Amino acid sequence: MIISGNTFWTQSIPYAVPALLHLNGKQAAFSPTCPTPGCNITCPMGRDVTLHGKVSLEDGSPADNARVYLQANNLKLLTTADNKGTFRIPGVCPDGKNTLKIRKRRGSPAHLRAINKNKSNEVAFSPPAGKPYVFKSPDDKARRVGQSVSLCCNAVGTPAPDRYLWYHNGSLLDPSIYRYKNNLILKNLNRGQAGEYFCKAVSDGGSAKSQPATLSVIGKQEAACSSQPQSHLIRLPHDCFQKATDSFYYDVGKCPAKTCVGKLDKGLRCKDNISYCCGVSKMEVREILCDGYTLPTKVAVECGCKKCTETKITVRGRATAVDNGEPLRFGHIYMGNKRVSMTGYKGTFSVHVPPDTERLVLTFVDRLQKFVNTTKVLPFKENGGAVFHDIKLLRKKAPVTLESSETSVIPLGEKEDDDPIAELEIPPDSFYRKNGEPYRGKVKASVTFLDPRELSTAPVTQSDLNFIDDEGDVFPLRTYGMFSLDFTDEQGTETLNAEDVKVHLDTAQVRMPEHLQEMKLWSLNPETGLWEEEGDFNLEKSRRRRREERTFLVGNMEIKERRLFNLDVPESRRCYVKVRAYRSERFMPSEQIQGVVITVINTEPEPGFSSNPRAWGRFDSVVTGPNGACVPAFCDEQNPEAYAAYILASLGGEELEAVPSAPKLNPNAIGVPQPYLNKLNYRRTDHEDPNTKKTAFRINMAKPSPNSADENNGPIYAYENLTECEEAPYSAAHFRFYRIEGDRYDYNTVPFSEDDLMSWTDDYLAWWPKPMEFRACYIKVKINGPQEVNIRSRNMGGTHPRTIGKLYGIRDVRSIRDPEQQDVSAACLEFKCSGMLFDQDRVDRTLVKVIPQGSCRRDSVNSMLHEYLVNHLPMATNNDSSEYTMLAPLDPLGHNYGIYTVTDQDPRIAKEIALGRCFDGTSDGSSRIMKSDIGVALTFTCSERSAAEQSLFESQRNLGQQSIRVPSRESPAYQRPVGRSSRVPRV
């Protein structure tokens, strides 16, 4: 803003947030001219001096209704700027003693001092005021008694944070004692200083808290990690029953990867140069006695503190329209203001998550403008690996033409047989260009509304419906609808702004009376993914479009750079739901799956019809970790049916199954005991209709009663008990999903969980030799025969002196029948890729043996694969026509060879992509339908076997159990006898 006496100075200020003004390091001033000759420039108040001014926004548009005050002990309102941003104040003397305070709605005040200066000076206002945003929280750290530590956090905001406060276990640390800023230094540590620390960034716009960090403090001679491994069971082959434990499981132990005290850097740093974690420090080889053979495995016997395994974090997914699945082709993906990726032709995308990212906010932008720009907060695996997200996009409404000189009313919500939730009212002459000039003419308006009364729209929810409250905490919102606005000129080439727009919210659509008083209008900040308050609502009675009088909540808004708005109320009635995902219906603790996206849709049931929700109010997603996931959801202690929730789970785009609720509830399978289970009214989605998908369940969100012991051990936890939920033992109540793995079995000599990359061990026999680069290899096998066949790959060291003749692992898979050909099936069988081992010293050509189950003979080998192996010696011998042996190729090859190789930062993603290509028989496509004649490496013909000839693997499978048997001939010392009569049954 530029102000002068008897003249106009103009200065741009951004909407709504000026702070104390400065000019070249000095306070802002204005320069007057005397209205009459000989006037006294230090005139007393009341002389014939008039101050004229004009206030404009950053884009040049007028700052109408800006209020001008005289700064004194009690603020005195002098005038208000008109609709052109101009004002006039008589009797303000430019004697340097008068300070004006100028405010725009939601803005911090700007101060101008009336002093004498001889030339015009431009004054810059700061950007709009808002609450700080913490983008870097302190790290978890471990120290010994007597050592020192530095904890740091950083925040941004407008205005920038001017101070930081640090808290230890919820108590404020005295700034005068600790003398901290955005970093907290603690010297000569003692055990009492262990615990949780967080910072709070404070500015004139508000405050925001960081995520808490845990500081562990141990004694000077105390072991950095517990040396005793935790129990960890792996599943054994089904001819390897252990009489000692009466099970098919064997305890190989594990060391949880938690932060530990290692070698410290010189000096105090915000982030330690090297991260140390507890891990396996000693392993021993054990020989497991099976049916006629021994199976080698490596067991963790001692844990210690070592450098953490380095991993990379990735999010992958697919962006498609919610209405018909149309992909977002070649859309731009932004992280803040930076474009970081694009979607492919099929809408797929991959984004690398930068280190230290705490909140991943991505905005998907359609270059063709068919879809609404969509901002999502995507959870990811903090310990490394990839998570798949299915992004649903809302199609833009076709634009309608408005007359800028007339009042326009646009309904929000088009549910059949129901009234709109709200209406937009745009007064005449409300549109203006970005430079502030009024716009006259026709306006193309595209208003897209996300109606929460339609349950199918929940996945389109923008962001994660959170805001930062006055205390700096992240707080949830309950939505009554979101709307996206796009106004352009008649040609559709220039974006227009609009002012004095009114939102009329029908109070009949707000079924919770307490929400009427708390309803606010919000806009989305696409950089933080947080919602920010735009304004309040006031009750008004109206006869809008109806004869009867109705009550509306009316709010005012200005449509500028923010184009996505929300009708929301803060909701304090919140809980957490404990959910775990498993590999099978056995629900073994060691078979939990990490990286599963658990999604909850909060619904508000119709009174008396709990299964028929009136509207959804919130959509949240969380990724499972080593101890499951705690999903936030609204709940109610007084009325169990006040809120309900639909919960579903997906892994890599595949939906997992929930535990059935019919024909009767099984508390042991569901994971929740009675009578609490009845109170929650658990129902899988196919409870009443068997044809419905089985991939979700619905519960009443009944907040646990503190007086009931049955309700204080999960699966619902009060909001303040998040830590209790996250650390709940497996025995505590929880809801369950499981994956139908199919007829597959993996065995690794060195145990490793593909869900937890931190469980990787640097061992020569590790199946995956590099924890930041996972290479998956598959070979396609065709089977001619009347039955599906189990096929095994046996993988041993082939050329490396440290591993030759030693077992890396086995893989089993069952062939899949070709839907178009009788007596033909095919399988995609994983084998261990050749390449460098973990020390990156020399390569190993893996010795791979492919063994079909049953009476099979090898018919053919892919000619290109055979030629490659001949030209890349050494070559394995193949004297047995019932199997195939090769030294695996070092090169990735491709579908022409029947070999499929994919490298990725996550093992599951690498395997899924390779499998999709193998099924499709191409090197760049993907299919879930087996194409048995395309891209085949090996062909076998197998005859049908009688029940008497079936192996234990087949017989147990036919009884409904997936089973795996390692034949005795797979012992490294086994030499195949000559002659058919001596054949050992194979798997």
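Residues numbered from 1 in each chain as written. Predicted model: local features only at pLDDT ≥ 70, side-chain atom pairs only at ≥ 80, totals over all residues. Heavy atoms only, no water.

## Quick look at the sheet that holds strand E28 (residues 313-321)
One open sheet accounts for 3 strands, arranged E31-E28-E34; its pairing is mixed. Of all the strands in the sheet, the pair left with one neighbour each is strand E31 (348-352) and strand E34 (385-393). Between one strand axis and the next, the sheet turns by 25 degrees as a mean value, whatever way the strands run. The pairing of E28 with E34 spans 9 bridges and is classified as parallel. Within the sheet, the bridge partner assigned to Arg318 lies in E34 and is Asp390. (Pairing = 2+ DSSP bridges. Helix = DSSP H or I, 4+ residues; strand = E, 2+ residues; numbered from the N terminus. Axes fitted to C-alpha atoms, helices over the stretch in contact; angles between N-to-C directions.)

## Comments concerning empty space enclosed by the protein
One pass over the full model with this rule turns up 7 cavities of 30 Å³ or more. Put simply, the largest cavity is a space of about 140 Å³. Surrounding the largest cavity, 15 residues form its lining, Ala386, Leu651, Gly652, Arg908 and Ile909 being those nearest its centre. Put simply, the parts of the chain that give the lining of the largest cavity at least two residues each are E34 and helix H7 (907-920). In terms of residue class, the lining of the largest cavity is made up of 5 nonpolar, 3 polar and 7 charged. (1 Å grid on protein atoms, 1.4 Å probe; cavity = no way out; pocket = protein on both sides within 12 Å on 5 of 7 lines; lining within 4 Å. Points joined across faces, edges and corners; volume = space filled by probe spheres on them. Nonpolar A, V, L, I, M, F, W, Y, C, P; charged D, E, K, R; others polar.)

## Description of H7
Here H7 spans 20 Å end to end across 14 residues, near enough to the 20 Å set by a 1.5 Å rise per residue. Among the 14 residues of H7, 11 are classified as buried, and the element is accordingly described as predominantly covered. The set of residues buried in H7 consists of Pro907, Arg908, Ile909, Ala910, Lys911, Ala914, Leu915, Gly916, Cys918, Phe919 and Asp920. N-cap assignment for H7: the residue whose side-chain oxygen lies 3.0 Å from the backbone N of Arg908 is Asp906. With its phi angle positive at about 75 degrees, Gly921 sits one or two positions after the end of H7. (Expected span 1.5 Å × (residues − 1). Buried < 20%, exposed > 50% of the residue type's maximum accessible area, 1.4 Å probe, protein only. Polar contact = N/O pair within 3.5 Å; in protein donor to acceptor, adjacent residues only side chain to side chain.)

## A word on the packing of aromatic side chains
Enumeration according to the criterion identifies 20 aromatic pairs in this entry. Ring geometry for Phe349 against Phe364: centres 5.2 Å apart, planes inclined by 65 degrees, an arrangement best described as edge-to-face. Residue Phe349 is located in strand E31, and its partner Phe364 is located in strand E32 (residues 361-365); the two are separated by 15 residues in the primary sequence. By relative accessible area, which is 1% here, Phe364 ends up buried. Their ring planes at 70 degrees and their centres at 4.9 Å tell us that Tyr764 and Phe838 sit as a pair that is edge-to-face. Highlighted residues: Tyr764 in the loop between strand E59 (744-748) and strand E60 (774-784) and Phe838 in the loop between strand E65 (835-836) and strand E66 (843-844), separated in sequence by 74 residues. By relative accessible area, Phe838 is classed as partly exposed at 25%. Here the aromatic residues Tyr582, Phe587, Tyr730 and Tyr738 are joined through ring pairs into a cluster of three or more. In this arrangement the basic side chain of Arg478 is found over the ring face of Tyr480, its NZ or CZ atom lying 4.0 Å from the centre. (Phe/Tyr/Trp six-rings, centres within 6.5 Å; stacked < 30°, edge-to-face > 60°. Lys NZ or Arg CZ within 6 Å of the ring centre and 35° of its normal.)

## Considerations on unusual backbone geometry
With an omega of 10 degrees, the peptide bond running from Ala662 to Pro663 counts as cis. Summarising the element assignment, Pro663 is placed in the loop between strand E54 (657-658) and helix H3 (667-670). A cis amide bond links Gln674 to the next residue, Pro675, at an omega of 5 degrees. As for its position among the elements, Pro675 is in the loop between H3 and helix H4 (676-680). One non-glycine residue, Phe330, lies in the positive phi region at around 55 degrees. Mapped onto the elements of the fold, Phe330 is located in the loop between E28 and strand E29 (332-335). Of note, Asp823 is a non-glycine position whose phi angle comes to about 60 degrees, a positive value. As for its placement among the helices and strands, Asp823 is situated in the loop between strand E63 (816-817) and strand E64 (824-831).

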